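What follows is the residue order along each chain.
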Amino acid sequence: MPIVFIHGVAVRQQGDPGWEQVNQVTGGVQWPKVRQRLREFVAPAVRPGAPDEVDIRQLYWGDLGVFYAGEGRSLGSWSPTSAGPAPTVPAPADLTPDELGEALEDAFERRSLTRDWPTLLEAVWSVARDENLRSILLMLPAGQQWPFLLAAVEARLPAVPLLARLEEPRPPRRLVVQRRRGLSRTLSTVRRPLEDFVPLFIGDVLAYVGGRGTPASPGPVMARVLAGLKAAQAQARPGEPLVVLTHSMGGQLLYDALTSYLPADPEAEGLRVDLWCATGSQVGLFREMGQFIEQGPLPTPALRDSPHAGYFWNVWSYSDLLSFRCEGVILGAHDTAFPFLGDVRSDHFAYLTHDDFYRTLAVKVRLHARPRS
């Protein structure tokens, strides 16, 4: 019987939309290395006499996840040059008053202290909406329009012009501006890796939940999950268990399949996942928040009573903030808190790179995925 791996969100294969954004963070969850460890440690528990013959497959669904329709313009790290050639900047005279006001805001706020912003906005928008100034602007060459507008804003600032104050050699004010610029650069560096992962994480969750369909009419992601499980069943040798390893959101997909979609599918009769190991999942959280097709009071017996489900091992970690318990929420669940010594971000994927995890999984298979009669 095959071993099936179902990945989570923010996983893309090279060439799929989103690959560039997540490659540095997930590396495609390094499926070849996951497969290698499953072959080395778990396959002998599934087929002791011929572990090399065990079919080990990934159920890939990343190409059905979310993608950036606007090239990621909502991300803080996005810039026009990151999506291609820099666009042509229009001359001020070609802008509407509202567009001109926004452009002037951007030009001044980057070089000013936040305490000056209220006064600055008054001056900026009085210039942007001044029809007399616009008449003069229309007569100027394009190269002189921005300097003219900047000077007009400075002239309407009270007392000492803003830009002159920013050029004063007094260290405190200049130091505040410099520190703020430095902090922005530093936080952009910190934010970038999270931006590569978090938006796709949230987006893939929404893409599945919003488009999963119904048990009678599964959506594209669930249809692929069901097809993959049936294909694994077709590869079965008599008496061998079917083992499924999921990571993160992959657990939610399998829970929906085992408790709602497979029971409604007449073609799935006899299909049984003998051992399911969920790593870094949000299965318990989703069920407690009522985000599965299956509903009802807690703790729910739906998984325990499903003819398609066997032993359920939920592996989470205190250092993985995206992992959650299942005991007390799902009857029949067995939780294990795996200790990792990495960091909060990397430990969400550490299960899949830790040899001790696979060794433990192999023992779980021997103990709980008993040969079928």
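Predicted model only: the values in this text are computed from it and were never measured. (Residues numbered from 1 in each chain as written. Predicted model: local features only at pLDDT ≥ 70, side-chain atom pairs only at ≥ 80, totals over all residues. Heavy atoms only, no water.)

Visitor: For this particular structure, what's the right way to read the overall build of the protein?
Guide: Along the protein, the regular secondary structure elements total 13 helices and 8 strands. The buried share of the protein, taken over its 373 residues, is 46%. Taking the intrachain contacts of the protein between residues at least 6 apart in sequence as the baseline, contacts between residues at least 24 apart amount to 75%. Total accessible area computed for the protein in this model is approximately 18,500 Å², and 57% of it derives from carbon and sulfur atoms. (Helix = DSSP H or I, 4+ residues; strand = E, 2+ residues; numbered from the N terminus. Buried < 20%, exposed > 50% of the residue type's maximum accessible area, 1.4 Å probe, protein only. Contact = heavy atoms within 4.5 Å. Areas by Shrake-Rupley, 256 points an atom, 1.4 Å probe, with all protein chains shown as cover.)

Visitor: Explanation requested: the environment of R237 in the structure shown.
Guide: Tracing the backbone shows R237 in the loop between α9 (220–234) and β5 (243–247). Looking at R237, the relative accessible area reads 40%, which means it is partly exposed. Residues R237 and R47, spaced 190 residues apart in sequence, show a C-alpha to C-alpha distance of 9.6 Å.

Visitor: What should I look at first to understand the confidence of the model for the protein in this one?
Guide: Any residue range with low pLDDT should be treated as having predicted coordinates unsuitable for detailed reading. Considering every residue of the protein, the mean pLDDT works out to 84; 78% of them sit at 70 or more. Note that residues 81–87 has pLDDT below 50 and, in this model, 5 contacts with residues that lie over four places away or in other chains. Scored below 50 in pLDDT, residues 164–173 makes 14 contacts in the model with residues more than four places away or belonging to other chains. (pLDDT = per-residue confidence, 0-100.)

Visitor: Please clarify how the pairing of strand β7 (residues 309–316) should be interpreted in this entry.
Guide: Residues in a regular strand project their side chains so that they alternate between the two faces of the sheet. Counting buried residues in β7 gives 7 out of 8 residues, a clear majority hidden from the surface. Relative to strand β8 (residues 333–337), β7 runs parallel, the two sharing 5 bridges. Within β8, the residue paired with N314 across the bridge is D335. (Pairing = 2+ DSSP bridges.)

Visitor: Mind showing me how you'd approach the side chain of S248 here?
Guide: When you line up the elements, S248 lands in the loop between β5 and α10 (249–261). Reaching out from S248, the side chain makes a polar contact with the side chain of Q282 at a distance of 3.3 Å. If we skip the residues at most four places from it in the chain, S248 touches G8, F201, T279, G280, S281, Q282 and H348. (Polar contact = N/O pair within 3.5 Å; in protein donor to acceptor, adjacent residues only side chain to side chain.)

Visitor: Can you walk me through the pattern of salt bridges in this structure?
Guide: Under the defined criterion, the tally for this structure stands at 16 salt bridges. A salt bridge links E294 to R287, with the shortest nitrogen-to-oxygen separation between them at 2.9 Å. Assigned by exposure class, E294 and R287 land together as buried. A salt bridge links D356 to R359, with the nearest nitrogen and oxygen atoms 2.9 Å apart. Of this pair, D356 and R359 both sit in helix α13 (residues 355–368), 3 residues apart, which is roughly one turn of that helix. Exposure remark for D356: the relative accessible area of 41% places this residue in the partly exposed category. When salt bridges with common partners are traced through the structure, they connect R47, E53, R237 and E240 into a single cluster. (Salt bridge = Lys/Arg side-chain N within 4 Å of Asp/Glu carboxyl O.)

Visitor: Just checking my understanding: could you explain helix α6 (residues 142–155) for this structure?
Guide: Residue pairs three or four apart in sequence face the same way in an α-helix, which turns once every 3.6 residues. Compared with the 20 Å implied by 1.5 Å per residue over 14 residues, the 21 Å span of α6 between its first and last C-alpha is a close match. Every buried residue belonging to α6 is among Q145, L149, A152 and V153, and all of these are buried. The buried residues of α6 occupy an angular sector of 95° when the element is viewed end-on, so they sit on one face. Every exposed residue of α6 that faces more than 90 degrees away from the buried side is listed here: G143 and A155. On its buried face, α6 is in contact with α3 (97–109), α4 (117–128) and α5 (131–139). (Expected span 1.5 Å × (residues − 1). Arc of directions from axis to C-beta.)

Visitor: When you look at the packing of aromatic side chains in this model, what are you seeing that I'm missing?
Guide: Within a pair of aromatic rings, the relevant descriptors are the distance that separates the centres and the angle that separates the planes. Tallied over the entire structure, the rule returns 11 aromatic pairs. Ring geometry for W313 against F357: centres 6.0 Å apart, planes inclined by 15°, an arrangement best described as stacked. A residue pair is termed long-range when its members are at least 10 positions apart, and W313 in strand β7 and F357 in helix α13 qualify at 44 residues. Residues W313 and F357 agree in their burial class; the two are buried. Of the aromatic side chains, those joined through ring pairs into one cluster are F41, W313, F338, F340, Y351, F357 and Y358. (Phe/Tyr/Trp six-rings, centres within 6.5 Å; stacked < 30°, edge-to-face > 60°.)

Visitor: I would appreciate a short explanation of the packing of α5 against α6 in the present structure.
Guide: Two quantities define a packed helix pair, namely the angle between the helix axes and the distance between the axes. At a minimum axis distance of 10 Å, the contact between α5 and α6 shows a crossing angle of 155°. Accordingly, the angle class assigned to the pair α5 and α6 is roughly antiparallel. Seen along the crossing, α5 lies across α6 with a hand that is right-handed. Across the interface between the two elements, L133, I136 and L137 of α5 pack against Q145, F148, L149 and A152 of α6. For the contact of α5 with α6, a count of residues per class yields 6 nonpolar, 1 polar and no charged. (Axes fitted to C-alpha atoms, helices over the stretch in contact; angles between N-to-C directions. Parallel < 35°, antiparallel > 145°, perpendicular 65-115°, else oblique. Left-handed = near helix turned anticlockwise from the far one by under 90°. Nonpolar A, V, L, I, M, F, W, Y, C, P; charged D, E, K, R; others polar.)

Visitor: It is not clear to me how the packing of α4 against α6 should be interpreted in this structure. Could you clarify?
Guide: Running from N to C, α4 and α6 cross one another at 130°; their axes reach a closest spacing of 8 Å. Looking at the two axes, α4 sits oblique to α6. α6 is crossed by α4, and the crossing has right-handed handedness. For the pair formed by α4 and α6, the contact residues are L120, A123, V124 and V127 on the first element and L149, A152 and V153 on the second. Classifying every residue of the contact of α4 with α6 gives 7 nonpolar, no polar and no charged.

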